Amino acid sequence: MTELKLSEEVRNALENNLPVVALESTIISHGLPRPRNLEAAKEFEEILRSQGVVPATIAILDGVPNIGLDELGVDRIANEDLAKASVRDIPILAAANKSGATTVAATAHLASLAGIRVFATGGLGGVHRGYTTSFDESADLSTLANTPITVIAAGVKSVLDIPATLERLETLSVPVVGWQTREFPAFWLNKSGYQLDWSVDSAEAVAQLMKAQDELGGQQGIVIANPIPVAKQWDPTEHDRILEIAFRAAEQAGISGKAVTPFLLGFIVEESKGKSLEVNLDLARNNVSLAGKIAKAWAEIN
Ligand code: PSU
Ligand code: MN
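For the structure given in this document, a descriptive report is provided here. Note on numbering: residues in each chain are counted from 1, in written sequence order. The naming scheme follows written order: chains are lettered A onward, ligands numbered 1 onward. Residues qualify for local features only when their pLDDT is at least 70, as the model is predicted, and side-chain atom pairs are given and counted only at 80 or more; totals for whole chains, interfaces and linings, by contrast, use all residues. As a convention, hydrogens and water are excluded, and side-chain values are obtained from all of the structure's heavy atoms.

**Description of the site of ligand 1**
Nearness is judged by heavy atoms alone; a residue qualifies as near a molecule or strand once a single heavy atom is within 4 Å of it. Around ligand 1, 18 residues are found, and the nearest of them are Glu24, Lys84, Ser138, Asp140 and Lys157. Think of a polar contact as two N or O atoms within 3.5 Å of one another; within protein, one of them needs to be a possible hydrogen donor and the other a possible acceptor, and neighboring residues in sequence only count if both atoms come from side chains. Within the side chain of glutamate 24, one N or O atom sits 2.6 Å away from an oxygen atom of ligand 1. Between ligand 1 and glycine 123, the relevant distance is 3.0 Å, taken from a nitrogen atom to a main-chain nitrogen or oxygen of the residue. Only the protein chains shown count as covering a residue, and every accessible area follows the Shrake-Rupley method with a 1.4 Å probe. The fraction of the free accessible surface of ligand 1 (480 Å²) that becomes covered by protein chains is 94%. In this analysis the probe radius is 1.4 Å and the grid spacing 1 Å, with only protein atoms considered; a cavity is a set of points the probe fits into but cannot get out of, a pocket is an open set with protein on both sides within 12 Å along at least five of seven lines, and lining residues have an atom within 4 Å of a point. For this analysis, a molecule is said to be in a pocket or cavity if more than half of its atoms are within 2 Å of the grid points defining it. Counting atoms within 2 Å of the grid points, the majority share of ligand 1 lands in the largest pocket.

**Comments concerning the side chain of glutamine 51**
Within the secondary structure, glutamine 51 sits in the loop between helix H3 (36-50) and strand E3 (54-61). Look at glutamine 51 and you get buried, because its relative accessible area is 16%. Setting aside residues up to four positions removed in sequence, glutamine 51 forms contacts with Val288, Ser289, Gly292, Lys293 and Lys296. To qualify as a helix, a DSSP run of H or I must reach at least 4 residues; to qualify as a strand, a run of E must reach at least 2; elements of each kind are numbered from the N terminus. Accessibility here uses a 1.4 Å probe with only protein chains present; expressed as a share of the type maximum, an area under 20% marks a residue as buried, one over 50% as exposed, and anything in between as partly exposed. The contact criterion used is simple: two residues touch if any of their non-hydrogen atoms lie within 4.5 Å.

**Examining the packing of helix H10 (residues 203-215) against helix H13 (residues 275-300)**
Every angle, taken between N-to-C directions, lies between 0 and 180 degrees, and every axis is a line fitted to C-alpha atoms, over only the stretch in contact when it is a helix. Two elements in contact, H10 and H13, have axes whose closest approach is 8 Å; the angle formed by their N-to-C orientations is 55°. With respect to H13, the element H10 is oriented oblique. In terms of crossing hand, the pair formed by H10 and H13 is right-handed. Of the residues in H13, those in contact with Ala203, Glu204, Val206, Ala207, Met210, Lys211 and Asp214 of H10 are Lys293, Ile294, Ala297 and Trp298. Residues are grouped as follows: Ala, Val, Leu, Ile, Met, Phe, Trp, Tyr, Cys and Pro are nonpolar; Asp, Glu, Lys and Arg are charged; all remaining types, including Gly, are polar. Partitioning the contact of H10 with H13 into residue classes produces seven nonpolar, no polar and four charged. The labels follow the angle: roughly parallel below 35 degrees, roughly antiparallel above 145, roughly perpendicular from 65 to 115, and oblique for the rest. Crossings are sorted by hand: turned counterclockwise from the far helix by less than a right angle, the near helix makes the crossing left-handed, and turned clockwise it makes it right-handed.

**Topic: the packing of aromatic side chains**
For this analysis, a ring pair means two rings from Phe, Tyr or Trp (six-membered ring only for Trp) whose centres lie within 6.5 Å, classed as stacked if their planes differ by under 30 degrees, edge-to-face if by over 60, and tilted for the remaining angles. The final tally for this structure, using the stated rule, is three aromatic pairs. With centroids separated by 4.8 Å and ring planes inclined at 80°, the aromatic side chains of phenylalanine 187 and tryptophan 188 adopt a geometry described as edge-to-face. Like phenylalanine 187, the residue tryptophan 188 is buried in the burial classification. Between tryptophan 188 and tryptophan 234, the aromatic rings sit 5.5 Å apart at their centres with planes inclined by 70°, giving edge-to-face as the arrangement. Residue tryptophan 188 is found in the loop between strand E10 (183-186) and strand E11 (189-195), and its partner tryptophan 234 is found in the loop between strand E13 (222-225) and helix H11 (236-252); the two are separated by 46 residues along the sequence. As far as the burial class goes, tryptophan 188 and tryptophan 234 line up, both buried. Aromatic rings pair up to connect Phe187, Trp188 and Trp234 into one cluster. One Lys or Arg, lysine 157, reaches over the ring of phenylalanine 187 and ends 5.7 Å from the middle of that ring. Counted as over-ring charges are cases with an Arg CZ or a Lys NZ within 6 Å of the ring centre that also lie within 35 degrees of the ring normal.

**Thoughts on the pairing of E11**
Looking at chain direction, E10 and E11 are connected through three bridges and run antiparallel. In the strand pairing of E11, alanine 186 is matched with leucine 189. Between any two strands, at least two bridges found by DSSP are needed for them to pair. Where E10 hands over to E11, the hairpin turn is made up of two residues, of which phenylalanine 187 adopts a positive phi near 60°.

**Overview of the layout of surface pockets**
In this structure, the largest pocket occupies an estimated 620 Å³ of space. Along the walls of the largest pocket sit 33 residues, with Lys84, Thr103, Ser138, Asp140 and Thr261 positioned nearest its centre. Elements represented by at least two residues in the lining of the largest pocket include exactly helix H2 (26-31), helix H8 (139-144) and helix H12 (260-271). Sorting elements by how many residues they give to the lining of the largest pocket places H2 first, with four residues. For the lining of the largest pocket, the residue count by class is eight nonpolar, 16 polar and nine charged. Grid points are joined across faces, edges and corners, and a volume is the space filled by probe spheres set on the points.

Spatial relationships are all this shows, so hold off on functional conclusions.
Structure, rendered in structure tokens:
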């Protein structure tokens, strides 16, 4: 029988209502270059531990969905050439005893199955530019429509179609709430130019929102949009310039489907000489740290 494998630490935390935060593995395997990806994976876990929160990094290893990785597991997601696994890949990998790094969608699905309610990532997947012809919309969105987990993200990567993504989240009835702002962030940038209807000011307010969602029968996830501080964002002019070059490169290389996000992220890191990477790490740290506070507030009211 296919079962989840919870780490000792995660099992203990869930049994005793201690705060737990899920972390995805695609950002490590496909979103960040080696060797910084391994450092980042360890650092994200450390940020949570220092807050007294248990990290649950999620990946499928040899067919087994792991909820919480040991040191070897973390090393594997950083250094093995793993498949990028979305929700539909989970049973395929499980049945074939194969390994995969889980996207936001797959991580949210598995975390929720395990009973975890808070999840930190960098940026959510979304509707890709040119979706009217490619139909390329991340399964991150449809998964959040039926997975009760709170995801802390710096919006969606600005390589996506941000207004279309926000429209889809509205259609899918996924609450999108700004963290201390009504401005939806644009991943590397503090602002996207698109406004949200709602914001929250405290971790306690997020916990109350989660509780209300539960009590009212909502099965959707909640997106907490957490902008990188202005002082740490990427220079907007440089951002716009390099994105243009990246789109052209992807088109010329004929990149499509699930390869698009990893290609663009990798290209942008190279072209920006690592600047986009530093910002990416900062915004992810910022999300992990906020997720820790929210997980604690959630444990507090339960
Ligand atoms: N955000 C990042 N780095 C990433 C991703 C998002 O900062 O690597 C990954 C996530 O795992 C997300 C996935 O779920 O990209 C979306 O891919 P796609 O567009 O193919 O669904
Ligand atoms: Mn896609």
